[in-house]
Amino acid sequence: MAFSLSSAAFSDALIILGAAGLVIPAFTRFRISPVIGFILVGALVGPNALGHLTDDMPWLYYVTISDPHAIEPFAEFGIILLLFSIGLELSFRRLWGMRRAVFGLGSSKLLLSAGIIGVGLWLFGELPGGALGLGLALALSSTALVLPMVGTTGAVGKRAFAILLLEDLALVPIIFILGALAPYGDSAGWDGLLRTLAMGFAVIAVMMIGGRFVLPRLFAQAARAKNPELFLSASLLVVILASIATTAAGLSPIVGALIAGLLIAETDYHAEVDLVTAPFKGLALGVFLITVGMSLDPAMILANWQEVALAVVAVVLVKAMITAILLRFWGAKRA
């Protein structure tokens, strides 16, 4: 089948692949995280920047993303593969050893940040429900943005991963709580939360028990075939099925991806799985970062740059100060 440059999907794919080929080596050469480069590319080629000028300059069509919504599934897949690769680097023993940091440090940072930001918004005139919702939203951080920059092995990376993992797990109860507290929300919101948590725990238990028996045999069979494509297909099949299972239970798909990575990390084939999936993770994560950049509106930011700058600085300072205080307390408590 012949492809035409006039095809939106083909044109967007070329732009994404070209961006990955330019951004990663260029920013790595200057020791700058490629995360920043992908976001800048997305902001430049998105519909709110150069894409807004395609009617006046049709040639810009070939260097802009014409259908941002079409690449969103690939962007979500990038986050799933990121959490999957994190699971491959961990183990259940290490994760269990982090339980105090996850539920102690992580929950303290989330609740304190949400409370202070929410109170600040309420003092500036926001309604209590809106202040609570915005406070919780602004207290969260992006796993896909932070972990590629700090990693998961160093002193900073371990604490950052604990905080981010708690925030990812907290998404489900936050959504149900906000739905229950909404003026016209579902009155059965709390029942829905309990039902989702029960189904989620059941699905996770089945995955953990079944995975310990099925995965070693699956990857042993793929290894005996000595076919890299079969090994890659088995790896992607596991992470996709795990993500679908947790999504069906009402949890986030990244929870399933993380558990799939943890289960494979307990086998003898985790290094091979990490090797064959690494290129897909990097490209898909780059697509996600480009979509983040495309969501920015440079015109709106420039028109309200003072308010935007003040809000960004305030949120960053609040979260940084709370995290610094908690880390000092956490270090003293451990000592």
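Here, every reference points to the structure presented above.
Everything quoted here is computed from the prediction, not taken from an experiment.

**Student:** Which residues make up the environment of N48, and what are the values?
**Tutor:** Tracing the chain through its elements places N48 in the loop between α2 (34-45) and α3 (72-89). Taking the C-alpha atoms as reference points, N48 and P298, 250 residues apart in sequence, are found 6.9 Å from one another. Once you skip the residues sitting within four places of it in the chain, N48 turns out to touch M294, S295, L296, D297 and P298.

**Student:** Explain the packing of α3 against helix α10 (residues 228-248) residue by residue, including any values.
**Tutor:** Running from N to C, α3 and α10 point in directions that differ by 105°, and their axes come no closer than 11 Å. Classed by the angle they form, the pair α3 and α10 counts as roughly perpendicular. Here α3 contributes F77, I80, L81 and F84 to the contact with α10, which in turn contributes L236, V239, I240 and S243. Its residues assigned to classes, the contact of α3 with α10 shows 7 nonpolar, 1 polar and no charged.

**Student:** Describe in detail α10, supporting the description with residues and values.
**Tutor:** Compared with an ideal rise of 1.5 Å per residue, which puts 21 residues at 30 Å, α10 spans 30 Å between its outermost C-alpha atoms and is within 8% of the ideal. Listed in full, the buried residues belonging to α10 are F231, L232, A234, S235, L236, V238, V239, A242, S243 and T246.

**Student:** Can you lay out the nonpolar core for me, pointing to particular residues and giving the numbers?
**Tutor:** The biggest cluster of nonpolar side chains holds 71 residues, and the ones touching the most others in it are L83, F84, I86, F161, F219 and I264. Those residues in contact with F219 that lie beyond four places of it in its chain are F231, A234, S235, V238, I264, Y269 and V273.

**Student:** How would you summarise the pattern of salt bridges if you had to cite specific residues and measurements?
**Tutor:** The full count for this structure, using the stated rule, is 1 salt bridge. In this structure, E167 engages K109 in a salt bridge whose closest nitrogen and oxygen atoms are separated by 2.9 Å. Taken together, the residues span a long stretch of sequence, with E167 in helix α8 (residues 155-181) and K109 in helix α5 (residues 99-123) at a distance of 58 residues. Judged by its relative accessible area of 1%, E167 is buried. On the basis of relative accessible area, K109 is assigned to the buried category, the value being 3%.

**Student:** Account for α5, naming residues and giving values.
**Tutor:** With 25 residues, α5 ought to run about 36 Å at 1.5 Å a step, and its terminal C-alpha atoms sit 35 Å apart, in line with that. Along α5, the positions that sit buried rather than exposed are A101, V102, L105, G106, K109, L110, S113, A114, I117 and G118. Backbone geometry just after α5 places G125 at a positive phi near 105°.

**Student:** Let's hear about a nonpolar patch on the surface: which residues, and what values?
**Tutor:** Together, L53, M57, W59, Y62 and V63 make up a nonpolar patch on the protein surface, roughly 470 Å² of accessible area in all. Position of Y62 among the secondary structure elements: in the loop between α2 and α3. Owing to a relative accessible area of 46%, Y62 belongs among the partly exposed residues under this scheme.

Reading guide: rules and limits
- Along each chain, the written sequence defines residue order, and numbers are assigned to residues from 1.
- At least 70 in pLDDT is required for a residue's local features to be given in this predicted model, at least 80 for side-chain atom pairs to be given and counted, and no such filter applies to totals for whole chains, interfaces and linings, which use all residues.
- Side-chain metrics in this entry use all non-hydrogen atoms of the structure; hydrogen atoms and water are not considered.
- Secondary structure elements are defined from DSSP: runs of H or I of at least 4 residues count as helices, runs of E of at least 2 residues count as strands, and each element is numbered from the N terminus.
- A contact between two residues is defined here by any heavy atoms of the two lying within 4.5 Å.
- Every axis corresponds to a line fitted to the C-alpha atoms, with the helix fit spanning only the stretch in contact, and the corresponding angles, defined between N-to-C directions, vary from 0 to 180 degrees.
- Note on terminology: angles under 35 degrees are roughly parallel, angles over 145 are roughly antiparallel, angles of 65 to 115 are roughly perpendicular, and the others are oblique.
- Note on residue classes: Ala, Val, Leu, Ile, Met, Phe, Trp, Tyr, Cys and Pro are nonpolar, Asp, Glu, Lys and Arg are charged, and everything else, Gly too, is polar.
- A helix's residues, less one, multiplied by 1.5 Å, set its expected span.
- Classification of residues uses two cut-offs on accessible area relative to the type maximum, computed with a 1.4 Å probe and protein chains only: under 20% is buried, over 50% is exposed, and between them is partly exposed.
- The criterion is simple. A nonpolar core is a set of buried Ala, Val, Leu, Ile, Met, Phe, Trp, Tyr and Cys residues joined through side-chain atoms within 4.5 Å.
- A carboxyl oxygen of Asp or Glu within 4 Å of a side-chain nitrogen of Lys or Arg is what we treat as a salt bridge.
- Like charges are joined within 9 Å and nonpolar side chains (Val, Leu, Ile, Met, Phe, Trp, Tyr) within 5 Å, but only among residues with over 30% relative accessible area and no salt bridge; these make up the patches.
- Residue-level accessible areas treat just the shown protein chains as cover; the underlying method is Shrake-Rupley with a 1.4 Å probe.

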